[in-house]
There are 2 protein chains.
Amino acid sequence: MQRYFLPENYKENQTYSLVADDFHHAAHVMRMKVEEECFLVFNHQETIVAKVVDILEDSILLEEVRKEATQKEMPYAVSIACGYTKGDKLELVAQKGTELGMSELIGFPSKTSVAKWDDKKLTKKVPRFEKIVKEAAEQSHRQTVPSIRLLSSQKEFIQLLATYDHILVAYEESAKSGETKSLVKTLQAVQPGETVLIIFGPEGGLSPEEITLFEASGGILCGLGPRILRAETAPLYALSAMSYQWELL
Amino acid sequence: MQRYFLPENYKENQTYSLVADDFHHAAHVMRMKVEEECFLVFNHQETIVAKVVDILEDSILLEEVRKEATQKEMPYAVSIACGYTKGDKLELVAQKGTELGMSELIGFPSKTSVAKWDDKKLTKKVPRFEKIVKEAAEQSHRQTVPSIRLLSSQKEFIQLLATYDHILVAYEESAKSGETKSLVKTLQAVQPGETVLIIFGPEGGLSPEEITLFEASGGILCGLGPRILRAETAPLYALSAMSYQWELL
């Protein structure tokens, strides 16, 4: 069943409207008819099943049928921070990371980043990433759309670190030296209401200076198993491991 | 450090040769010189660090320095079976699945497969997939290259099922109904020497008839968390969860 995100707070006993892109999608791609149902997701993860009551020229009107029963979100908010990578790898992380439950995607310039994204380029990129995560959130039945922050300086990123309760740093050298306990230990220690940030380097990895900076801000180095994962694969491993630990185990 | 797979059994105190594509890569891409080191991986996961002793016109000769110390392979052999998907999604699974530790990738025609791959097309596809997994195995420091089986009939696939010790079936309806225990229970029950197969549908999912067939062959339906994962994302979740359970926990 199709899913639409409405950027408004949920209020009971209202008529809700799909407009603009969502209207176009519902009317012309899904060809929804009166009485057909879809999910509507409001701010604060509130989600209902709604049915179409009227189709106007530029909006579709819906009314609530029932609340969505299942919790679809990770029990803890997980932010994924990636040093800027080449090509469209960060877009893959945006799409797959949304499916796998991340709350936020942060891009930052890392020492070894080959891709140089200036402010102008970043401003252009944000709407593109927002579209990717919105579509992936609809498809994967999320109850919230991940937020996107594409930073233009590493200083800005370092300042942000103080706002997270747990910071993990996926470090290739930790994986190589056989470090296996930090990820498990951290995931098992997270308490309700706490936030987790996990930092990944670009293709060239994180530099020793960056590792020092992240550790000084409370970052814990961790390995993600004995194999060497590409820059865009490591975040998917981490999110899957989090889901397994928190949602299945 | 670069890694090359030699399709031969390891013998001590030999001179080893890189030829053909590997020679080209070592000589012209990596520009290796005498005394430089790389990994050589033989059959049965035997891996050594070797150094270049001579560079000839069409081969590079190497000698052993030491054995590779770390175990890089999953403790149990995991086969990933995917109903044929559209576009290059199966190639993404081949590459990322290799990084994440799979032993074997099986493609099979599923009821809802839009992509129809006939024998002729499959025969052409195999070398392409073999190249993808070989390169990914080198990059991710595997000690074995996953094998590729692209089947042209579902019957052939069903016959294959009897050869695995544990069969999991990733089923969207299980995820939707909140099934959370089967994956954990199966992963925790695997014994040394046993094999695991996990089956994934194409974009349209597995049909009820297919589910019945797989269950009759011993398949256990499992959910992979509360979100709906795309066809190409689900195998990456499963492999990451396996690594977390078996290699980190």
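Above this text you will find the structure in question.
Presented here is an overview of the structure given in this document. Because the structure is a prediction, the values reported are computed rather than measured. (Residues numbered from 1 in each chain as written. Chains lettered and ligands numbered in written order. Predicted model: local features only at pLDDT ≥ 70, side-chain atom pairs only at ≥ 80, totals over all residues. Heavy atoms only, no water.)

Concerning the relation of the copies chain B and chain A
Item 1. Turning chain B through 180° and shifting it by 0.0 Å along the axis lays it on chain A, with an RMSD of 0.0 Å. Classification of the inter-copy transformation places it as that of a two-fold axis. In terms of proximity to the rotation axis, the leading residue of chain B is B:A241, whose C-alpha is 2.7 Å off the axis. (Least-squares fit on C-alpha atoms with pLDDT ≥ 70 in both.)

Some thoughts on the environment of B:Q143
Residues and elements named next belong to chain B.
Item 1. Mapped onto the elements, Q143 comes out in the loop between α3 (119-139) and β8 (147-150).
Item 2. We classify Q143 as buried; its relative accessible area is 4%.
Item 3. For the pair formed by Q143 and V41, sequence separation is 102 residues and the distance between their alpha carbons is 6.1 Å.
Item 4. Once residues within four sequence positions are removed from consideration, Q143 is found in contact with R3, F5, V41, F42, Q45, T47, E68, T70, Q71, K72 and E73.
Item 5. Of note is the side chain of Q143, whose polar atom sits 3.0 Å from the backbone nitrogen of K72. (Helix = DSSP H or I, 4+ residues; strand = E, 2+ residues; numbered from the N terminus. Buried < 20%, exposed > 50% of the residue type's maximum accessible area, 1.4 Å probe, protein only. Contact = heavy atoms within 4.5 Å. Polar contact = N/O pair within 3.5 Å; in protein donor to acceptor, adjacent residues only side chain to side chain.)

A few points about the interface of chain B and chain A
You'll often see interface size given as the accessible area lost when the parts meet.
Item 1. In this complex, chain B contributes 41 residues to the contact, which on the side of chain A involves 41 residues.
Item 2. Buried surface at the junction of chain B and chain A, summed over both partners, amounts to about 3,700 Å²; 56% is from carbon and sulfur atoms.
Item 3. Considering only the surface of chain B that becomes buried against chain A, B:R227, B:Y244 and B:L248 emerge as the three largest contributors, covering 22% of it.
Item 4. With its nearest N and O atoms 3.4 Å apart, the salt bridge here joins B:R230 to A:E99.
Item 5. For the pair chain B and chain A, the number of links is 24 residue pairs in polar contact (both at pLDDT 80 or more).
Item 6. Where the side of chain B that touches chain A is concerned, the elements lending two or more residues are α2 (89-99), α3, α6 (182-189) and α8 (234-248) of chain B.
Item 7. Residue contributions to the side of chain B that touches chain A peak at 9 residues, all from α8(B).
Item 8. Considering only residue class, the side of chain B that touches chain A consists of 16 nonpolar, 15 polar and 10 charged. (Buried area = accessible area lost by both parts, 1.4 Å probe. Salt bridge = Lys/Arg side-chain N within 4 Å of Asp/Glu carboxyl O. Nonpolar A, V, L, I, M, F, W, Y, C, P; charged D, E, K, R; others polar.)

Some points on helix α2 (residues 89-99) of chain A
An α-helix turns once every 3.6 residues. As a result, residues three or four positions apart point the same way.
Item 1. Of all 11 residues that make up α2(A), 9 are buried, and the element is covered over most of its length.
Item 2. Along α2(A), the residues classified as buried are A:L90, A:E91, A:V93, A:A94, A:Q95, A:K96, A:G97, A:T98 and A:E99.
Item 3. Lining the buried residues of α2(A) we find β6 (77-83), β7 (104-108), α3 (119-139), β8 (147-150) and α8 (234-248) of chain A together with α2 of chain B.
Item 4. Directly beyond the C-terminal end of α2(A), a positive phi value near 105° is found at A:G101.

A few points about the sheet that holds strand β2 (residues 15-18) of chain B
Residue and element names in this part refer to chain B.
Item 1. Taken in spatial order, the 5 strands make up an open sheet running β1-β3-β4-β5-β2, and their pairing is mixed. The open sheet has two free edges, formed respectively by β1 (3-5) and β2, since each of these has just one partner strand. Between one strand axis and the next, the sheet turns by 45° as a mean value, whatever way the strands run.
Item 2. In terms of strand pairing, β2 meets strand β5 (residues 60-67) through 4 bridges, oriented antiparallel. Paired with Y16 across the bridge in β5 is L62.
Item 3. Relative to β1, helix α1 (residues 20-29) is tilted by about 165°, and along the sheet it contacts β1, β2 and β5. (Pairing = 2+ DSSP bridges. Axes fitted to C-alpha atoms, helices over the stretch in contact; angles between N-to-C directions.)

Comments concerning the packing of aromatic side chains
Two measures describe an aromatic ring pair: the distance that separates the ring centres and the angle between the ring planes.
Residues and elements named next belong to chain A.
Item 1. Counted by the stated rule, this structure contains 17 aromatic pairs over all chains.
Item 2. Between F157 and F214 the ring centres are 5.8 Å apart and the planes differ by 85°, which places this aromatic pair in the edge-to-face class. Taken together, the positions of F157 in helix α4 (residues 154-160) and F214 in helix α7 (residues 208-216) put the pair 57 residues apart, joining distant regions of the chain. Across the pair, F214 and F157 agree in class, each one buried.
Item 3. Following the ring pairs from residue to residue traces out a cluster consisting of Y10, Y16 and F42. (Phe/Tyr/Trp six-rings, centres within 6.5 Å; stacked < 30°, edge-to-face > 60°.)

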